[in-house]
Each structure stands twice: as structure tokens, then as C-alpha cells.
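Here is what each chain is made of, one letter per residue.
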Amino acid sequence: MNNIQSIMKILLLAILTSFATNCSSSNNASEPTPTPTPVPTNEVDFWLTKGDQSVLLQKQSSVIVFGTTYNAYPSIEVDDTQSFQTVDGFGFTLTGGSAQVINQMTTAKKQELLKELFGSESNAISVSYLRLSIAASDLDATTFSYDDMPSGQTDVKLTNFSMSPDMTHLIPILKEILLINPNIKFLAVPWSAPVWMKDNNSTIGGSLQPQYYAAYAQYFVKYIQKMKTEGIAIDAICPQNEPLHGGNNPSMVMTASQQATFIKNSLGPAFQTANIKTKIIIYDHNCDRPDYPISVLSDTDANPYIDGSAFHLYGGDIGVLSTVHNTFPNKNVYFTEQWTSSVGSFSEDLKWHSKNVVIGSMRNWSKVALEWNLANDSSFGPHTTGGCTQCKGAITINSSESFVRNVAYYIIAHASKFVPSGSTRIASTTQGNINSVAFKTPNGKITVLVVNDGNASAIFNIKYNGRWFNTSLDGGAVGTYVF
């Protein structure tokens, strides 16, 4: 009997154990698999540069999405129902000296640099506009024109015209750039006429003598035609770089009345006769003398030949571009030069130039925003005797295998990489120290360039079509937002 009871206890224990095990297994199987938290789809790409150089044109990994949840932060309002000027591009002046130092690099390193500057790859900044000097600027190793003559001799028929000084460095570089970006645009401007045309027979200062106006007009015609035979189309020219500054080497003074007379009687008709469609852009000097371009444009005979006016900002206020635009709304404005100094501060230059040269010029109708020289060596050369000794290029070429990106590179890159030629400026607001400009690109993207002009970090919204996202910029930082 005891044996039977023992066997029954064992069987009962086995049944209970099996039941408990099955119940436990059944409970585990019925528990739902945890659902991972969904990651929001990023709606905005954000690229950042900080004034302390800890972040340099870096795409930020944070996910930014639009929403409608209220917050108390100030908002930049972006409105693509309001459109303004079409953008021709962003870039630099490719001086003869820039071409010379770039050509000192090895073939492989030079191609790497040119593709980064002018290409469309993910690591490129896609520069779309270059300013060129017609003959020497002060950032060439020596002064020269395309028709230099022995002292006391002239060449009114320009039989000795030759671009050979630029055939070694500048023109080969331009051809390489065009292979990378065939659509890049070129603006060309002389620092001086040949000295035999001038009233002081010097590369420095002096003025073009009226008896040589016709010959000088043909000088421009020959330049454009020769560049065309080399496969280089010149989109626009200016008659004179900084016409009110005669102290550079080279340089030439050209008053407003002289420029109007030269254009209406010589340059404009010469282009017309030669069937040259290259634009004529006047002035090309500081914002403190709007009377100059307004005077030239007010000449009813010169006006039809003129596309617009170009400006620098070594004097005056960037708002002058709007003053001239509003006076002649059917004429374009261009911002064509601003230097960064070898003794300047990265943080201050980044902030000031982003606010004025890029955002400021674009908000005041400019079709281009250009910094000064593209490249120099580690001694800030080459330059002419008496030329700029402190002009810092966007790139410093340290050796045949080494280059450094300077502040002007980042100033332009924050626009050129994201705002291609053919984009249209659209409306955007500014809030306190948060300065902005916005564009719609040809592929329909909205690009907003923002600089925090203050010293403290700022949080703000960017609002578009009734929705917004919030973001922040450190004092002096620059951000580009693409959506």
C-alpha cells in the first residue's frame, strides 16, 4: 500500500511539474515583441562652421524635422511666394598669382584641389563664378599689359597685342577648370590700360587719354575674341577695377564722366560692331560712392550698353546696392571683391563677411558674391612691387603637395556648395543678431544661409509654409539649412 501511495505521489508531482512548465512556456510565447521607437525622417540638412574653427563646413548628424508645436523662440520667416534676383554664382578672383601658385603643385594634387573647388562631388564646394584680371593685377608677380611697347612708342592698331604672359599659368588653369565645370562664368576687368595709352606713362595711376579710347575698346574686343579661341567665354567685363583708386600697382583713374564717354562712344559701339554679347558692368569700386554708377547710368547714350554696376565694400554700406538698384531697377548689381587680411581674425572675418559680403549683398539684389584672391603662397605672394602684401587667399599653397583652406574658403563655400547658378533669392526675415538670406534652387530645394552676428549662442526657428523647426547657432557661427 505504501508503495502504491509513493508511486501516486511521484506521478502527481510529474503532472504538476509538466503543467507548470507548459503554462510558463505558453505565457512567454504570448508576450509581444517590443516595438522599436521610430526614428524621424530627417527633413533638413544642416551644415555648420564655427568661429573658433572647431567645426568647419561639417554636415550635422542631428535629425531636424518640421513641426507645429508652439515655442517662444524668434522665427526666421521664409516665403517663396516672394522672389527677387536670379543668382549667377559665388566665388573668387583667380589672379595670375593664384594660377601661378596652383600650377606649382603636382598634377595629382592640383587636380584634387581644382575638383574640390569647382566640382560637384560630395566633398566639393562648387564655385560657380570667377573674376579675372585683364592683364596684370597687383597679385601678379610683375606688371604687364597685352600690348607693352618700348618707351615713347605706341601701337594704335594693336598689331603687337599678345596674351602670352597669361598663356603659362592662367589660361591653362582656366581650361582645367572648364573641364570640371563647363558652366562656370567669368567676369574680366583690367587694373590698367597699356602705359602708352595713359597720360602719365606709368602702370600706377594716371588716366586713359581720349585719343586712345577707340584703341582701348579694340583691346577689349581682342581679349574677348582671343579667350574665345581658347575655349573661354567671357560673360562680362568692367572697364576698370577701382577707378577712383590710382595708388595701386597697376591702377588707373577713370572718372564717372570718362567711363560714360568711353562706353557710349567707343566700347559699346565696338562690341556692337564685333557682335560681342559680353555684358558691360560699370564702376567696380566701393559702396561709398553710389553717385558714380548712378551718374554713368544716367547718361542716356551710355545706358543702353550697360548691364549693371559692380561694388566692393572697403568703404560705405552694403545697402547702397539697393539704392542703385532702386534708382535703375532694370539694371543688375554685382558684388565683386572683398579681401581677407593676413593679420585678420578667422572668427571676425567669418562673421563680418558672411553678414555683409554674402548675406548682405544678396539681400540687396546682387547677382554674385565674390571674395578676393583665390590662392597665394605662405608669404602672401606673389604680388607686384607696391601691390597688396597682406591679402590672404582662400587657399594657401604651402608646397607642391600641401594646401590650407582659409576663412574666405568657408565664407563662400556656405553659399556656393548649396546655391547653384540659376537659383532665385526668395524672402526671409532677420531677427536681432540672426541674419539670413534664402534661395530656391533650380531643383526646387530651399536653402537658407544664416549667421549669428552676436557673441552669445542663439536659439531660433526657421518657419516655412506654416511649419517650423528650431535650431541654434553659437555666436559668430554660420549655418546653411537645406530642405
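Let me begin by describing the structure that accompanies this report. (Residues numbered from 1 in each chain as written. Predicted model: local features only at pLDDT ≥ 70, side-chain atom pairs only at ≥ 80, totals over all residues. Heavy atoms only, no water.)

So, the state of the cysteines
In step 1: Enumeration over the complete set of coordinates arrives at one disulfide.
In step 2: Covalently, C388 is tied to C391 through a disulfide, its sulfur atoms 2.1 Å apart. Where C388 bonds to C391 through sulfur, the torsion about that S-S bond is close to 105°, and the disulfide is right-handed.
In step 3: Here C391 falls in the buried class, since its relative accessible area comes to 4%.
In step 4: For C287, which is in no disulfide, the shortest distance to another cysteine sulfur is to C238 and amounts to 14 Å. (Disulfide = S-S within 2.5 Å. Buried < 20%, exposed > 50% of the residue type's maximum accessible area, 1.4 Å probe, protein only.)

Digging into the pattern of salt bridges
In step 1: For the structure on display, the rule yields 17 salt bridges.
In step 2: For D284, the salt bridge identified is with R131, shortest N-O distance 2.9 Å. Taken together, the residues span a long stretch of sequence, with D284 in strand β8 (residues 279-287) and R131 in strand β5 (residues 129-134) at a distance of 153 residues. Summarising the burial analysis for this pair, D284 and R131 share the class buried.
In step 3: Several salt bridges converge on common partners, so that one network encompasses D88, K185 and K367. (Salt bridge = Lys/Arg side-chain N within 4 Å of Asp/Glu carboxyl O. Helix = DSSP H or I, 4+ residues; strand = E, 2+ residues; numbered from the N terminus.)

As for unusual backbone geometry
In step 1: Each neighbour pair has its own omega, and for N249 with P250 the value is 5°, a cis peptide bond.
In step 2: You can see P250 is positioned in the loop between β7 (236-237) and α6 (256-273).
In step 3: Of the consecutive residues G381 and P382, the connecting peptide bond is found in the cis state with omega at 0°.
In step 4: By the secondary structure assignment, P382 is in the loop between β13 (375-377) and β14 (391-392).
In step 5: In this structure, N465 takes a positive phi of about 55° despite not being glycine.
In step 6: Checked against the element boundaries, N465 lands in the loop between β20 (458-464) and β21 (467-473).
In step 7: Judged by its relative accessible area of 60%, N465 falls in the exposed class.

Concerning the environment of D317
In step 1: Mapped onto the elements of the fold, D317 is located in the loop between β9 (308-316) and α8 (320-327).
In step 2: Residues D317 and E401 lie 84 residues apart in sequence; the distance between their C-alpha atoms is 40 Å.
In step 3: Polar contacts involving the side chain of D317 include one to the main-chain amide nitrogen of G319, which spans 2.7 Å. (Polar contact = N/O pair within 3.5 Å; in protein donor to acceptor, adjacent residues only side chain to side chain.)

A short note on the sheet that holds strand β15 (residues 395-399)
In step 1: Pairing is mixed in the open sheet, where three strands are placed in the order β13-β15-β16. At either margin of the open sheet sits one strand with a lone partner, and together these are β13 and β16 (402-405). For this sheet the average axis-to-axis angle between neighbouring strands, irrespective of direction, equals 30°.
In step 2: Pairing between β15 and β16: four bridges, direction antiparallel. Looking across to β16, one finds that S399 is bridged to S402.
In step 3: The strands touched by helix α3 (residues 107-118) within the sheet are β15 and β16, with β16 carrying the most contacts at an inclination of about 20°. (Pairing = 2+ DSSP bridges. Axes fitted to C-alpha atoms, helices over the stretch in contact; angles between N-to-C directions. Contact = heavy atoms within 4.5 Å.)

Things to note about the packing of aromatic side chains
In step 1: Tallied over the full model, the rule gives 25 aromatic pairs.
In step 2: Ring plane angle 10° and centroid distance 6.0 Å describe the contact between Y146 and Y223, whose orientation is recorded as stacked. With a gap of 77 residues between them, Y146 in the loop between β5 and α4 (170-180) and Y223 in helix α5 (residues 213-229) connect regions that are remote in the sequence. As far as the burial class goes, Y146 and Y223 line up, both buried.
In step 3: Ring centres of Y283 and Y292 lie 4.8 Å apart, and the angle between their planes is 35°; this geometry places the pair in the tilted category. The two residues Y283 and Y292 agree in class, both being buried.
In step 4: Sitting over the face of the ring of Y409, R405 holds its NZ or CZ atom 6.0 Å from the ring centroid. (Phe/Tyr/Trp six-rings, centres within 6.5 Å; stacked < 30°, edge-to-face > 60°. Lys NZ or Arg CZ within 6 Å of the ring centre and 35° of its normal.)

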